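Residue-level structural notes
What follows is the residue order along each chain.
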Amino acid sequence: MRKAKVLIDRDFTIGYTDPRLFGAFIEHLGRCVYGGIYEPSHRTADERGFRKDVLALVKELGPTLVRYPGGNFVSGYNWEDGVGPLETRPARLDLAWFSTEPNSFGTNEFIDWCRAADVAPMMAVNLGTRSGDAARNLVEYCNHPGGTAWSELRRKHGWQTPHGIKLWCLGNEMDGPWQIEQKSAAAYGAAAREAAKMMRRVDHSIELAVCGSSLRNMPSFGQWEETVLEHTFDYVDYISIHTYLENYSQDTASFLASTDLMDSFIDEVVVLADAVAAKRRSKKRLMLSFDEWNVWYRTRSEVAPADRWPVAPPILEEIYTMEDALAFGGACISLLNHADRVRVACLAQLVNVIAPIMTRTGGGAWRQTIFFPFAHMSHFGRGRILRAQVESEAYYASYNNPDGRPAVPDVPYLKIAAVAEQGGGLSLFLLNRDLKQEMEVSVEARSFGPLTVHKRFELRHDDLMAANTENTPDKVKPTPLQSVAFDRGRLRARLKPASWNVIYLAAD
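As the structure is a computational prediction, the values presented were derived from the model and not from experiment. (Residues numbered from 1 in each chain as written. Predicted model: local features only at pLDDT ≥ 70, side-chain atom pairs only at ≥ 80, totals over all residues. Heavy atoms only, no water.)

Overview of the overall build of the protein chain
Across its full length, the protein chain carries ten helices and 26 strands. Scaling as 2.2 N^0.38, a compact globule of 508 residues should have a C-alpha radius of gyration of about 23 Å, and the protein chain matches this with 23 Å. When the backbone C-alpha atoms are referred to their principal axes, the protein chain occupies close to 65 × 60 × 45 Å. In the protein chain, buried positions account for 60% of the 508 residues. (Helix = DSSP H or I, 4+ residues; strand = E, 2+ residues; numbered from the N terminus. Rg over C-alpha atoms; globule rule 2.2 N^0.38 Å. Buried < 20%, exposed > 50% of the residue type's maximum accessible area, 1.4 Å probe, protein only.)

Here it is in structure tokens:
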């Protein structure tokens, strides 16, 4: 049996989790919108066309923020197409996903859906085929009270009260050759700067995220950040970061270790942002917006047939396994442990498309395996992140995939995050990456008052390829963690091999 020791102290903190760390993402891609969150003909649809069965699962999942409308889609999107009477909205070819966009669901419908789901909106603007002029008009349409052309148009469309959208993305992955109107770092930086200036003049209260490198292995990584931030540093609040975990080599141990490279990516982007601040003798510190993250690799190359241009084709519908849920849980821990600089994060995506929630158009809705670690993180991860001193045996992880990731010689079998809540409670997130052996974990919790084990969950399955389907929606689900005891400031738990575990200790 493996053994691990952890020391935490309530006074030794990394930072506080921003509520927006628990965000998600909706894009006009595949069946994410049409047949996902919006299906007027569905038996559960409300008067606005929102699927109530999906809304119920979204509330159970617990996202606090949702990014919209893309993603790659936004770089060719005319926001004006998605507002106004439905009968006058034009259908357009979506060149990002080779689909037809009917524009039946747009900005105002998204805001109404956010209110129904009790989440905050995060809006992306098109800096691919369009410029800062269209972006500032969208801010005026959404946020200005009235008395101007765009704000009065919103009121004419039936939304009298401003939407009050506070968080905005300045384009999406503009360094990527797959992006419509890909730009150089200098060209994008200049465009983003001017868009930011105009958008802030319309509404000085908004917060802005500028595009960082799309992936850690982009050839321009580092240089892109430096150049873009030289243009935009004084005008933005966040720099974006994206990561998708992969298991191309079918090596489970290395797959579970890959979340540690997510930690490295965060640290590197922080250094790059702070280097720009140092060159400017600035005390300003940019935060990170990790506005796309997930497990994604089996369906990566899927697009709709280019000669057919379907509406809402079933593409990128990744079916997640128990193995995927373990890697996903490791990513949740990485985000929590960087709460001092990662203030915004968006699970990509929310429904059907690489998503924790799946639906059948006209049918049911169910939870994928990755649903549970996210729900646990959102519900138990709010508070002060504590620095954990971990003693754990380690293993060697090698990589053999198209990204050319380096080997990692010392991967701890135990990955952990500890969160102290304001009321005195303590949440522990524990990932046992050993595929064969149980792990006995001892956690010494200093400077806490009396605590009692209140909730404890274990997510595991004997078959790492097990997945949930419409017919077997509960094949993989959390069960009570059996072997847990807490006495005199020390917790002892026995974790099964290849398991995600959550323990919540309530203050007495």
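A closer look at the sheet that holds strand E26 (residues 499–507)
Here seven strands make up an open sheet; going across it, the order is E2-E15-E19-E20-E26-E22-E23 and the pairing antiparallel. Edge strands, defined here as strands with exactly one partner in the open sheet, are strand E2 (13–16) and strand E23 (479–480). Summarising the sheet, strand E15 (residues 384–386) and strand E19 (residues 414–420) pair through three bridges and their orientation is antiparallel. Considered in E19, the bridge of Ile-385 is made with Val-419. (Pairing = 2+ DSSP bridges.)

A word on the domain arrangement of the protein chain
In terms of domain boundaries, the protein chain breaks down into domain 1 (2–11 + 385–507) and domain 2 (18–250 + 278–382). The C-alpha-based centres of domain 1 and domain 2 are spaced at 30 Å. In this complex, domain 1 contributes 36 residues to the contact, which on the side of domain 2 involves 35 residues. Carbon and sulfur atoms supply 66% of the area that domain 1 and domain 2 bury against each other, a total of about 3,000 Å² over both sides. Our count for the domain 1 to domain 2 interface comes out at one salt bridge. Put simply, domain 1 and domain 2 have ten residue pairs in polar contact (both at pLDDT 80 or more) between them. Listing elements by their share of the side of domain 1 that touches domain 2, those giving two or more residues are E19, strand E20 (426–432), strand E22 (451–459) and E26. (Domains from an automatic or database assignment. Contact = heavy atoms within 4.5 Å. Buried area = accessible area lost by both parts, 1.4 Å probe. Salt bridge = Lys/Arg side-chain N within 4 Å of Asp/Glu carboxyl O. Polar contact = N/O pair within 3.5 Å; in protein donor to acceptor, adjacent residues only side chain to side chain.)

Describing the nonpolar core
Among the nonpolar cores identified, the biggest contains 168 residues, and Trp-113, Trp-168, Leu-170 and Trp-293 are the most heavily contacted of them. The element contributing the most residues to this core is helix H9 (residues 322–336), with ten residues. The residues that make up this core include at least three from each of domain 1 (2–11 + 385–507) and domain 2 (18–250 + 278–382). (Core = buried A, V, L, I, M, F, W, Y, C linked by side-chain atoms within 4.5 Å.)

Here's the deal with the sheet that holds strand E10 (residues 238–245)
Taken in spatial order, the eight strands of this closed barrel run E3-E4-E7-E8-E9-E10-E11-E12, and their pairing is parallel. On average, each strand axis in the sheet is inclined to that of its neighbour by 30 degrees, with strand direction left out of account. In the sheet, strand E4 (residues 65–68) pairs with strand E7 (residues 120–125) via four bridges, with the strands oriented parallel. Bridging across to E7, Tyr-68 finds its partner in Met-123. This element, helix H8 (residues 259–279), spans E10, strand E11 (287–295) and strand E12 (342–348) of the sheet and lies at about 160 degrees to E10. (Axes fitted to C-alpha atoms, helices over the stretch in contact; angles between N-to-C directions.)

Focus: the packing of aromatic side chains
How two aromatic rings sit relative to each other is set out by the distance from centre to centre and by the angle between their planes. Tallying each qualifying case throughout the model produces 20 aromatic pairs. With a centroid separation of 6.0 Å and an interplanar angle of 70 degrees, the aromatic rings of Tyr-68 and Phe-105 are classed as edge-to-face. Of this pair, Tyr-68 sits in strand E4 while Phe-105 is found in the loop between strand E6 (99–101) and helix H2 (107–117), placing the two residues 37 residues apart along the sequence. Using a relative accessible area of 0% as the deciding quantity, one classes Tyr-68 as buried. For Phe-105, a relative accessible area of 0% translates into the label buried. (Phe/Tyr/Trp six-rings, centres within 6.5 Å; stacked < 30°, edge-to-face > 60°.)

Comments concerning the state of the cysteines
A full pass over the atoms with the stated rule returns zero disulfides. Cys-142 forms no disulfide, and the closest cysteine sulfur to it belongs to Cys-114, at a distance of 11 Å. The thiol of Cys-346 is not disulfide-bonded; the next cysteine sulfur, from Cys-169, is found 6.9 Å away. Judged by its relative accessible area of 0%, Cys-346 falls in the buried class. (Disulfide = S-S within 2.5 Å.)

Concerning the packing of H9 against helix H10 (residues 371–380)
Between H9 and H10, the shortest axis-to-axis distance is 8 Å and the interhelical angle comes to 20 degrees. Here H9 is positioned roughly parallel relative to H10, judged by the angle of their axes. Crossing of H9 against H10: the hand is right-handed. Listed contacts from H10 to Ala-325, Phe-328, Gly-329, Cys-332 and Leu-336 of H9 are Pro-373, Phe-374 and Met-377. When its residues are assigned to classes, the contact of H9 with H10 shows seven nonpolar, one polar and no charged. (Parallel < 35°, antiparallel > 145°, perpendicular 65-115°, else oblique. Left-handed = near helix turned anticlockwise from the far one by under 90°. Nonpolar A, V, L, I, M, F, W, Y, C, P; charged D, E, K, R; others polar.)

Considering the packing of helix H1 (residues 52–61) against H2
Two numbers describe how H1 lies on H2: the axes approach to 9 Å, and their chain directions differ by 60 degrees. As the angle between them shows, H1 and H2 are arranged oblique. Here Leu-55, Val-58 and Lys-59 of H1 come into contact with H2, specifically with Trp-113, Ala-116 and Ala-117. Among the residues forming the contact of H1 with H2, the class breakdown is five nonpolar, no polar and one charged.

Observations concerning the pairing of E19
Counting buried positions along E19 gives seven out of seven residues, so the element sits mostly inside the fold. Every second residue of E19 is oriented toward a common face, with Leu-414, Ile-416, Ala-418 and Ala-420 on one face and Lys-415, Ala-417 and Val-419 on the other, all of them buried. Pairing analysis gives seven bridges linking E19 to E20, with the strands arranged antiparallel. Looking across to E20, one finds that Ile-416 is bridged to Leu-430. Counting the residues in the hairpin turn of E19 and E20 gives five residues, including Gly-424, whose phi is positive at 105 degrees.

A look at the environment of Val-276
Along the polypeptide, Val-276 turns up in helix H8. When its relative accessible area of 2% is taken as the criterion, Val-276 is described as buried. A sequence separation of 43 residues divides Val-276 from Phe-233, and the C-alpha atoms of the two residues are 7.9 Å apart. Leave out the neighbours within four places in its chain, and Val-276 touches Glu-226, Leu-229, Glu-230 and Phe-233.

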